[in-house]
Amino acid sequence: MKTISIAEFETLVARNNWQREQDCEVLERLDRQVEEWNEENEFFDLNDIPHVFGLASKTSTLDGIKITYTEGFNYDKCDSDSLFTGTEGQDAVWSVESVTVVDKDGDKLNAHELADYLDSDFSSINYSVLEIEQIIDVDEDSDMETFTLDIDNAPNVRFTGELVANAASSDNQAIGSSYNGQTGRWTELSLYKTKGGKFICHQVGRTKRQDTRDRFSGKVCETLEEVKEFFGHRWLSKELYAEASIDDVVEVE
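Caption draft 1: Quick peek at the packing of helix H3 (residues 224-231) against helix H4 (residues 235-244). Closest axis-to-axis distance for the H3/H4 pair is 10 Å, and the angle between their directions is 150 degrees. Classified by the angle between their axes, H3 and H4 sit roughly antiparallel to one another. Contacts between H3 and H4 involve Val 227, Lys 228 and Phe 231 on the former and, on the latter, Ser 237, Leu 240 and Tyr 241.

Caption draft 2: Structural context of a negative patch on the surface. Taken together, Asp 79, Asp 81, Asp 247 and Glu 251 make up a surface patch of like negative charges. Mapped onto the secondary structure, Asp 79 falls in the loop between strand E4 (65-76) and strand E5 (84-86).

Caption draft 3: Highlighting the packing of aromatic side chains. Inspection of every chain in the model, using the stated rule, returns eight aromatic pairs. Consider the rings of Trp 18 and Phe 122, whose centres lie 5.2 Å apart with planes at 75 degrees: the pair is edge-to-face. Taken as a pair, Trp 18 in the loop between helix H1 (6-13) and strand E2 (19-38) and Phe 122 in the loop between helix H2 (111-114) and strand E8 (145-149) lie far apart in primary sequence, 104 residues in all. The same class applies to Trp 18 and to Phe 122, which are both buried. Geometrically, the ring pair formed by Phe 230 and Phe 231 is edge-to-face, given 5.0 Å between the ring centres and 80 degrees between the ring planes.

Caption draft 4: Main features of unusual backbone geometry. One non-glycine residue, Asn 153, lies in positive phi territory at about 60 degrees. With respect to the helices and strands, the residue Asn 153 is situated in the loop between E8 and strand E9 (157-168). A positive phi angle, close to 60 degrees, is found at Ser 245, a residue other than glycine. If you trace the backbone, Ser 245 turns up in the segment after H4.

Caption draft 5: Geometry of the side chain of Asn 74. Mapped onto the elements of the fold, Asn 74 is located in strand E4. For Asn 74, the side chain forms a polar contact with the side chain of His 51, separated by 3.0 Å. Excluding residues within four positions of it along the chain, Asn 74 makes contact with His 51, Val 52, Phe 53, Ser 82, Leu 83 and Phe 84.

Caption draft 6: Region of the structure containing the nonpolar core. Ranked by internal contacts, the top residues of the largest apolar core, which has 28 residues, are Phe 9, Trp 18, Ile 67, Trp 94 and Val 101. Sorting the residues of this core by element identifies H1, strand E3 (43-62), E4, strand E7 (99-102) and H2 as the ones contributing at least two each. Considering each element in turn, this core owes the most residues, five residues, to E4. In this view, Val 101 contacts Ile 4, Ser 5, Ile 6, Phe 9, Asp 107, Lys 108, Leu 109 and Leu 114; residues no more than four positions away in its chain are not counted. Ala 165, Phe 199, Leu 224 and Leu 240 belong to the second largest nonpolar core, which has 16 residues in total.

Caption draft 7: Just the pattern of salt bridges, in detail. One pass over the full model with this rule turns up eight salt bridges. For Glu 188, the salt bridge is made with Arg 206, and the minimal N-O distance between the two is 3.2 Å. One end of the pair, Glu 188, is in strand E10 (residues 185-194); the other, Arg 206, is in strand E11 (residues 199-207), and 18 residues separate them in sequence. Judged by its relative accessible area of 24%, Arg 206 is partly exposed. Across the salt bridge formed by Asp 214 and Arg 206, the nearest N and O atoms sit 2.9 Å from each other. In this structure, a network of salt bridges that share partners links the residues Glu 188, Arg 206 and Asp 214.

Caption draft 8: View of H3. Burial in H3 covers these residues: Leu 224, Val 227, Lys 228 and Phe 231. Each buried residue of H3 lies within a common arc of 95 degrees when the element is viewed along its axis, so the set occupies one face. Exposed and facing more than 90 degrees away from the buried side of H3 are Glu 225 and Glu 229. In this structure, the buried side of H3 is in contact with E10, E11, strand E12 (215-221) and H4.

Caption draft 9: Highlighting the pairing of E10. The buried count for E10 comes to nine of ten residues, which makes it a mostly enclosed element. Where E10 meets E11, nine bridges bridge the pair, whose relative direction is antiparallel. Bridging across to E11, Tyr 192 finds its partner in Ile 200. What sits between the antiparallel neighbours E10 and E11 is a turn of four residues, in which Gly 197 has the positive phi angle 100 degrees.

Calculation notes
- Every chain is numbered on its own, with residues counted from 1 as its sequence reads.
- For this predicted model, a pLDDT threshold of at least 70 governs which residues receive local features, and a threshold of 80 or more governs which side-chain atom pairs are given and counted, while totals over whole chains, interfaces and linings are taken from all residues.
- Side-chain numbers here rest on the full set of heavy atoms in the structure, without hydrogens or water.
- Here an axis means a line fitted to C-alpha atoms, over the contact stretch when the element is a helix, while the angle between two N-to-C directions is reported on a 0 to 180 degree scale.
- A run of H or I in DSSP counts as a helix once it spans at least four residues, and a run of E counts as a strand once it spans at least two, with each numbered from the N terminus.
- What sets the label is the angle itself: under 35 degrees gives roughly parallel, over 145 gives roughly antiparallel, 65 to 115 gives roughly perpendicular, and the rest give oblique.
- Contact criterion: two residues are considered in contact whenever any of their non-hydrogen atoms come within 4.5 Å of each other.
- For patch detection, residues must exceed 30% relative accessible area and be free of salt bridges, and they are connected within 9 Å for like charges or within 5 Å for nonpolar side chains (Val, Leu, Ile, Met, Phe, Trp, Tyr).
- Exposure was quantified through the Shrake-Rupley algorithm and a 1.4 Å probe, taking into account, for residues, occlusion by the shown protein chains and nothing else.
- We define a salt bridge as a side-chain nitrogen of Lys or Arg found within 4 Å of a carboxyl oxygen belonging to Asp or Glu.
- Only four residue types enter the tally: Lys and Arg on the positive side, Asp and Glu on the negative side; His and the chain ends are excluded.
- Taken as the charge centre is NZ of Lys, CZ of Arg, CG of Asp or CD of Glu, depending on the residue.
- Side-chain rings of Phe, Tyr and Trp, where Trp is taken by its six-membered ring, are said to pair if the distance between their centres is within 6.5 Å; with planes under 30 degrees apart they count as stacked, over 60 as edge-to-face, and otherwise as tilted.
- Exposed residues in this analysis have more than 50% of their type's maximum accessible area, buried residues have under 20%, and partly exposed residues fall in between, with area computed by a 1.4 Å probe over protein chains only.
- Between N or O atoms, a polar contact is any pair within 3.5 Å; within protein, one atom must be a potential hydrogen donor and the other a potential acceptor, and residues adjacent in sequence are included only when both atoms are from side chains.
- Each nonpolar core is a collection of buried residues, namely Ala, Val, Leu, Ile, Met, Phe, Trp, Tyr and Cys, held together in the definition by side-chain atoms within 4.5 Å.
- This arc corresponds to the set of directions leading from the helix axis out to the C-beta atoms.
- By definition, two strands form a pair when at least two bridges between them are found by DSSP.

Shown next as structure tokens:
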């Protein structure tokens, strides 16, 4: 194992050719109980919320030297806003391998002391890889409807559920940003959720022209990722996602 000075270590960590790898490992899944007020019974109900615990690490490697940062994470399943990360209670947060670093007096510095010389590139972890799925609740107290949706070149779809969100463009140039660039044509997007928890995507291409007909397409989806695959990422789809409170973003370090 080679020995370098703290000045040499500072020069080393400032280099921009470090190789970075991260890992997020789920260690445990369990239910946590949350009190929620029940208006009907005027009493607190104890509800079980699925909760996930895990350990994340980021390893930086250069010239045979390896620096590893580790932290814990936990979140409620299907609730990305509940994600919490930190190092509280950990015995070891940093490790430095294959090198010994000494201060001006020749005394060896441990990994915790060396961490003061490291920037966020050595510790920032991208948790978007967890793909914490969102959940859209169906209001069981609402009056659910039975819908029958037309689909071209496939069986129509019938289900009981509720409309989550819809969005439409316009064939009218006077209607600002919703104008789709074609007079006499516009698009309607709708997202439903069934009583059983599935998502129904429906797209209608409307027309006022006598020589053409309305076009219908749709898909039954199990997840929101499938929903986004169907509708895509055009401006009208983003309006639909916004109304449904669906995140359509890519996290970048």
